[in-house]
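# Coordinate inspection notes
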Amino acid sequence: MHIPDGYLSPSTCGVLYVGAATGWYAALKRLRQALLSRVIPLISVFAAFSFVVMMFNLPLPGGTTGHALGVTIAAIVLGPSGAILALSIAIAIQALFFGDGGITTLGANCFNMAIVASLVAYASYRLIAAGAALASRRRVIAAAIAGYLAINVAALFAAVEFGIQPMLFHDASGTPLYAPYPLSIAVPAMMIGHLTFAGLAEAVISAGLVAYLQVADPGLLRPTSGLPSDATAEPATVPALPRLWIAIAVLMLLTPLGILAAGTAWGEWSPAQLARAASSASTASSPASAVPVGLQRLAKFWTAPFPAYAPTFVHSRGFGYLLSAMFGVGILLTVSLAARSWAARHRRKESSA
Amino acid sequence: MSRSFLESTAVGFGRAFTRAMLSETTAQRRGWLQSLDPRVRVVGLFALVLAVTLSRKLAAVAALLVVAFAMAVLSRVSVVTLAKRVWLIVLGFTGVIALPALFVTPGQPVAALGSVVITEQGLRTAALLILRVETAVTFTTLLVLCTPWSHVLKALRALWLPKEAIVMLAMTYRYVFLLVETANQMFESRRSRTVGILKPQDQRRMAARTAGVLLSKSVALSNDVYLAMQSRGFRGDVQVLSDWHLTLWDLAGLLGFVLAGSLAVWMGR
């Protein structure tokens, strides 16, 4: 996933440097509030640890081996700000000293592997392990899932960065100037390796490290556990609402992913799409006029306010998906709040009777 | 299976040490790049990497590769080392990635291999990608081989990096080798006590435990470093010594870097 120099255009690199710099600035600002003399050695040594973990040749199920990134355990122990800085430093040393990853692409590599991966790892670990005791098995499973998700989301970002290059940067004859493959090739090519090997490697090392820390040094798991700092206290019920909001926000942001898929979902055709599909198939058994009469009649029964998840006044499809997601979540929240208030009133009446 | 897992990790650790040793040795030689102020080296070579990325024509990137080759010879960097460490590895890695582009890039057909057609655009994009990566990695490797790490860090201050970031980079580099050595010793001792073939799940457990012990040692180490910093009176103010002065020779070198980069960008626009 370390992108070398030459694969991304200078403008893509510039945009991702700005994205990475924003993350570094926010992380550094947050950590400056803590005791700097304590934070500097902790992050530095953790960066060195991540660097060494990246060199581990991990045996994976299926007889193969893979390399982890160490981002998940950094996010679990240091929190997202610490993980962003530790991983960025490890990636910078790899680029500047070992030539692994480029200099112009350093921003892109840090954005994908340090910022995106740290945030995904931290959010998914906190979400899945919410309220679990430090020694709970759920924390091990949460670490494995968080590791797998973090690597794959980071790989997806890298794949999209590769995939947009030929679309945006080519010469007059159509020759791609940087990474030559479009999204339709770059995304599956990148994801196959990460969904199978790299994601598994990160899941294995993250779960193994959390299981080890549960026994050997549980104190390291406490700061980001959401549990009270008192070691003797029982695991309290952690307020689930903030996590729920984070999960909903992440899911809403991911809704435009559907645009990447080609064609229409099977069985969700409009009469026009069905007619087009039938005419292109043009077999004897499915003539062009094979749109059922009932479907034609009922299709006019209800016209959606946001047809195809894109309000007519919005020109960007991605933004249309996002707006539709916000609108849908808004309706559901209003209905559920109304139902809750009705149920509460009903209970009050019953108890007073 | 057990041997390959333990040994391949140990080989990776050994390679890191070898690279570090090679860099330290080459940086001490008397060559053209080594004679320049480290700030000029860092800024100049970064500018040339940027020029490689900005150039849109094969000829311009090829000209920059010739410049990189000349720099290597003038700086007494072994061409064999460059070939083994950069050119062949990049050719293998990027070549595999670029190869399908010959067939999948739409354009003017120039040759056919059975039913698959090679296009002119495919050939050009594959060649441009390989040449661009080769040239950029050569410049980066020259920087690494000709500049001690401590000088790279001090020079990065010239690029307005925060002092905290410089200190963390320096500390990380220092402790990378300590942790690599510790991990190597753990793997060695485990290898010396391993008889027979370990099951895959036992191998995974062993790798996780080794990483876990290394993590505990890292945290203990960071506590020791913190106490050492406290005992020396560190209160959060980072001081970086900067006793370098630019000479006419350095300014001429910087001008050379800028001219070569600008010419390549102009040629390859």
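What counts as what
- Residues numbered from 1 in each chain as written.
- Chains lettered and ligands numbered in written order.
- Predicted model: local features only at pLDDT ≥ 70, side-chain atom pairs only at ≥ 80, totals over all residues.
- Helix = DSSP H or I, 4+ residues; strand = E, 2+ residues; numbered from the N terminus.
- Buried ≥ 20, exposed ≤ 12 C-beta atoms within 10 Å, placed from the backbone.
- Contact = placed C-beta atoms within 7 Å.
- Rg over C-alpha atoms; globule rule 2.2 N^0.38 Å.
- Core = buried A, V, L, I, M, F, W, Y, C linked by C-beta atoms within 7 Å.
- Domains from an automatic or database assignment.
- Expected span 1.5 Å × (residues − 1).
- Bend = angle between axes of the 7 residues up to and from the residue.
- Nonpolar A, V, L, I, M, F, W, Y, C, P; charged D, E, K, R; others polar.
- Pairing = 2+ DSSP bridges.
- Axes fitted to C-alpha atoms, helices over the stretch in contact; angles between N-to-C directions.
- Parallel < 35°, antiparallel > 145°, perpendicular 65-115°, else oblique.
- Left-handed = near helix turned anticlockwise from the far one by under 90°.
- pLDDT = per-residue confidence, 0-100.

### With respect to the overall build of chain A
Within chain A one finds 11 helices and two strands. Each helix and strand of chain A, placed in order from N terminus to C terminus, yields the pattern α-α-β-β-α-α-α-α-α-α-α-α-α. Burial analysis of chain A (353 residues in total) assigns 42% to the buried set. The contacts of chain A with a sequence gap of at least 6 include a subset with a gap of at least 24, amounting to 69%.

### Here's the deal with the overall build of chain B
Counting its regular elements, chain B contains 11 helices and two strands. Taken from the N to the C terminus, the helices and strands of chain B come in the order α-α-α-α-α-α-β-β-α-α-α-α-α. A compact globule built from 269 residues should have a C-alpha radius of gyration of about 18 Å, whereas chain B, at 23 Å, is more than 25% larger. C-alpha atoms of chain B, sized along the principal axes, occupy 60 × 60 × 30 Å. Sorting the 269 residues of chain B into buried and exposed places 40% on the buried side.

### A short note on the nonpolar core
Val 52, Ala 86 and Ala 117 of chain A together with Leu 142 of chain B are the most contacted members of the largest nonpolar core, which has 166 residues in total. Among the elements that take part in this core, helix α3 (residues 71-98) of chain A stands out by supplying 19 residues, more than any other. When neighbours within four sequence positions are excluded, Ala 86 of chain A is seen to be in contact with Ile 43, Phe 46, Ala 47, Ser 50, Ala 74 and Leu 78 of chain A.

### Brief notes about the domain arrangement of chain B
We note that the domain assignment places domain 1 (1-25 + 162-238) and domain 2 (31-148 + 242-267) within chain B. Measuring from the centre of the C-alpha atoms in domain 1 of chain B to the corresponding centre in domain 2 of chain B gives 32 Å.

### Details of helix α5 (residues 79-98) of chain B
Residue and element names in this part refer to chain B. Compared with an ideal rise of 1.5 Å per residue, which puts 20 residues at 28 Å, α5 spans 25 Å between its outermost C-alpha atoms and falls more than 12% short. At Trp 87, α5 shows its largest bend, some 25 degrees. The complete set of buried residues in α5 reads Leu 82, Val 86, Val 90, Thr 94 and Ala 98.

### Looking at the interface of chain A and chain B
The interface is formed by 57 residues belonging to chain A together with 69 residues belonging to chain B. Among the secondary structure elements, those contributing two or more residues to the side of chain A that touches chain B are α1 (10-32), α2 (36-54), β1 (58-59), α3 and α7 (183-216) of chain A. When grouped by side-chain class, the residues that make up the side of chain A that touches chain B number 41 nonpolar, 12 polar and four charged.

### Focus: the pairing of strand β2 (residues 116-119) of chain B
All names here are of chain B. Sheet topology places strand β1 (residues 109-113) next to β2; four bridges connect them, and they run antiparallel. From the neighbouring strand, Leu 113 faces β2, where its bridge partner is Val 116. Counted along the chain from β1 to the antiparallel partner β2, the turn is two residues long, and its residue Gly 114 has a positive phi close to 65 degrees.

### Observations concerning the environment of Ser 35 of chain B
Residues and elements named next belong to chain B. Along the chain, Ser 35 turns up in helix α2 (residues 32-35). The class of Ser 35 is partly exposed, set by 16 C-beta atoms lying within 10 Å. C-alpha separation for the pair Ser 35 and Thr 105, spaced 70 residues apart in sequence, amounts to 45 Å.

### Structural notes on the packing of helix α3 (residues 38-54) of chain B against helix α8 (residues 149-156) of chain B
Residue and element names in this part refer to chain B. Orientation of α3 relative to α8, taken along the N-to-C sense of each, is 75 degrees, at an axis distance of 8 Å. One way to sum up the angle between α3 and α8 is to call them roughly perpendicular. Seen from α3, the contacting residues are Pro 38, Arg 39, Arg 41 and Val 42; seen from α8, they are His 151, Val 152, Lys 154, Ala 155 and Leu 156.

### Regarding the packing of helix α4 (residues 106-128) of chain A against helix α5 (residues 137-163) of chain A
All names here are of chain A. One way to put it is that α4 packs onto α5 with a least axis distance of 8 Å and a crossing angle of 150 degrees. As judged from the angle between their axes, α4 and α5 are roughly antiparallel. Crossing of α4 against α5: the hand is right-handed. Looking at the contact of α4 with α5 residue by residue, the class counts come to 20 nonpolar, three polar and two charged.

### Some remarks on the environment of Phe 56 of chain A
Locating Phe 56 of chain A in the fold gives a position in the loop between α2 and β1. With 26 C-beta atoms packed within 10 Å, Phe 56 of chain A lands in the buried category. With 145 residues separating them along the chain, Phe 56 of chain A and Ala 201 of chain A place their C-alpha atoms 9.8 Å apart. The residues contacting Phe 56 of chain A, other than those within four sequence positions of it, are His 67 and Ala 68 of chain A together with Thr 9, Ala 207 and Ala 211 of chain B.

### Digging into unusual backbone geometry
The residue Arg 76 of chain B is not glycine, and still its phi comes out positive at about 60 degrees. Classification of Arg 76 of chain B as partly exposed rests on a count of 15 C-beta atoms within 10 Å.

### A look at the confidence of the model for chain B
All names here are of chain B. Residues with a pLDDT of 70 or more make up 94% of chain B, whose mean pLDDT is 84. No element of chain B has a lower mean pLDDT than helix α1 (residues 2-27), at 69, and none a higher one than helix α4 (residues 58-74), at 92. Model confidence for the complex is summarised by a pTM of 0.73, with the ipTM given as 0.83.

### Concerning helix α9 (residues 163-193) of chain B
Between its terminal C-alpha atoms α9 of chain B stretches 45 Å, which fits the 45 Å expected from 31 residues at 1.5 Å a residue. Those residues of α9 of chain B that fall on the buried side of the exposure criterion are Val 167, Met 168, Leu 169, Met 171, Thr 172, Tyr 173, Tyr 175, Val 176, Leu 179, Val 180, Ala 183 and Phe 187 of chain B.

### Quick notes on the confidence of the model for chain A
Regions with low pLDDT carry predicted coordinates that are not meant to be interpreted in detail. Residue and element names in this part refer to chain A. Confidence in the prediction of chain A, expressed as mean pLDDT, is 79, and 71% of residues score 70 or more. Note on residues 231-239: pLDDT under 50 across the span, and 10 contacts to partners over four residues away in sequence or across chains. Low pLDDT, under 50, characterises residues 283-288; the stretch is placed with seven contacts to residues that sit more than four places away or in other chains.

### Quick notes on the environment of Gly 14 of chain B
Residue and element names in this part refer to chain B. Within the secondary structure, Gly 14 is located in helix α1. Judged by C-beta crowding, with 12 C-beta atoms within 10 Å, Gly 14 ranks as exposed. For the pair formed by Gly 14 and Asn 184, sequence separation is 170 residues and the distance between their alpha carbons is 8.3 Å.

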